[in-house]
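# Topology and contacts: notes
Chain residues, written in single-letter form:
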Amino acid sequence: MTVGGSGSPPRLSAPLTAVGVTGPSMSPTLRHGDAVLVRRGGRPVRPGDVVVAVFRSRPELLVVKRAVRPQEGGWWLHGDNALVTDDSRAYGVADVLGRVVLRYWPRPGRLATTPI
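Residues numbered from 1 in each chain as written. Predicted model: local features only at pLDDT ≥ 70, side-chain atom pairs only at ≥ 80, totals over all residues. Heavy atoms only, no water.

Quick look at the pairing of strand 6 (residues 74-78) now. Both faces of the sheet carry side chains from a regular strand, because those side chains alternate between them. Most of strand 6 is tucked away: 4 of the 5 residues are buried. Relative to strand 6, strand 5 (residues 58-71) is paired through 5 bridges, and the arrangement is antiparallel. Counterpart to P70 in the pairing with strand 6 is W75. Between strand 5 and strand 6, which follow one another and run antiparallel, lie 2 residues, and E72 among them has a positive phi close to 50°. (Buried < 20%, exposed > 50% of the residue type's maximum accessible area, 1.4 Å probe, protein only. Helix = DSSP H or I, 4+ residues; strand = E, 2+ residues; numbered from the N terminus. Pairing = 2+ DSSP bridges.)

Pasting the structure below:
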């Protein structure tokens with residue numbers, strides 16, 4: 001699931017940032033059109049967290065994925081939708097920019113950490 005971006009490498013500029021989601025890769029956890037709040041900093045990322053990240057092989061692409069495991073100084077990420085493989089299986093290791101802490105539109109609520 002990707003989030004909007006322009007030509008420059010995306011970054012989260014504030015400790016809490018609103019992000020809109022596009023695409024089906026995190027369904028059913030997140031769906032196209034959902035809006036989430038992302039926290040930069042705070043507690044370390046753990047396996048199962050939903051994160052916003054940038055793949056090292058695609059630095060222009062900001063994505064929302066689930067953290068699977070630390071790898072090569074970054075994270076191996078997967079989408080929740082097994083039919084979509086636009087994640088670390090296609091692009092390799094990613095650098096996490098922040099953790100998704102809640103969805104605020106259209107169905108407000110915290111996102112559960114799912115064991116991997």
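Right, picking up where we left off after that structure.
Take the nonpolar core next. In terms of nonpolar packing, the biggest core is built from 15 residues, with L30, V36, V38, V50, V52, V64 and V100 touching the most fellow members. For this core, the secondary structure elements donating two or more residues are strand 2 (16-22), strand 3 (35-39), strand 4 (50-55), strand 5 and strand 7 (94-105). Not counting the four nearest positions on each side in its chain, V50 is found in contact with M26, L30, V64, K65, R66, R99, V100 and L111. Within the second largest apolar cluster, 10 residues are counted, among which are F55, V63, L77 and A94. (Core = buried A, V, L, I, M, F, W, Y, C linked by side-chain atoms within 4.5 Å. Contact = heavy atoms within 4.5 Å.)

Next up on the list: the side chain of D87. Examined against the element boundaries, D87 turns out to sit in the loop between strand 6 and helix 1 (88-91). In terms of polar contacts, D87 uses its side chain to reach the backbone amide nitrogen of G79, at 3.1 Å. (Polar contact = N/O pair within 3.5 Å; in protein donor to acceptor, adjacent residues only side chain to side chain.)

When pLDDT is averaged along the protein chain, the result is 88, and 89% of the positions lie at 70 or above. For the protein chain, per-element mean pLDDT is lowest for strand 1 (residues 2-3), which scores 52, and highest for strand 6, which scores 98. (pLDDT = per-residue confidence, 0-100.)

Here we take up the layout of surface pockets. Computed from the structure, the largest pocket encloses a volume of approximately 160 Å³. Lining the largest pocket, in full, are R43, G48, D49, V50, R99, V100, V101, R110, L111, A112 and T113. Per-element tally for the lining of the largest pocket: the top contributor is strand 7, with 3 residues. Grouping the constituent residues of the lining of the largest pocket by class yields 5 nonpolar, 2 polar and 4 charged. (1 Å grid on protein atoms, 1.4 Å probe; cavity = no way out; pocket = protein on both sides within 12 Å on 5 of 7 lines; lining within 4 Å. Points joined across faces, edges and corners; volume = space filled by probe spheres on them. Nonpolar A, V, L, I, M, F, W, Y, C, P; charged D, E, K, R; others polar.)

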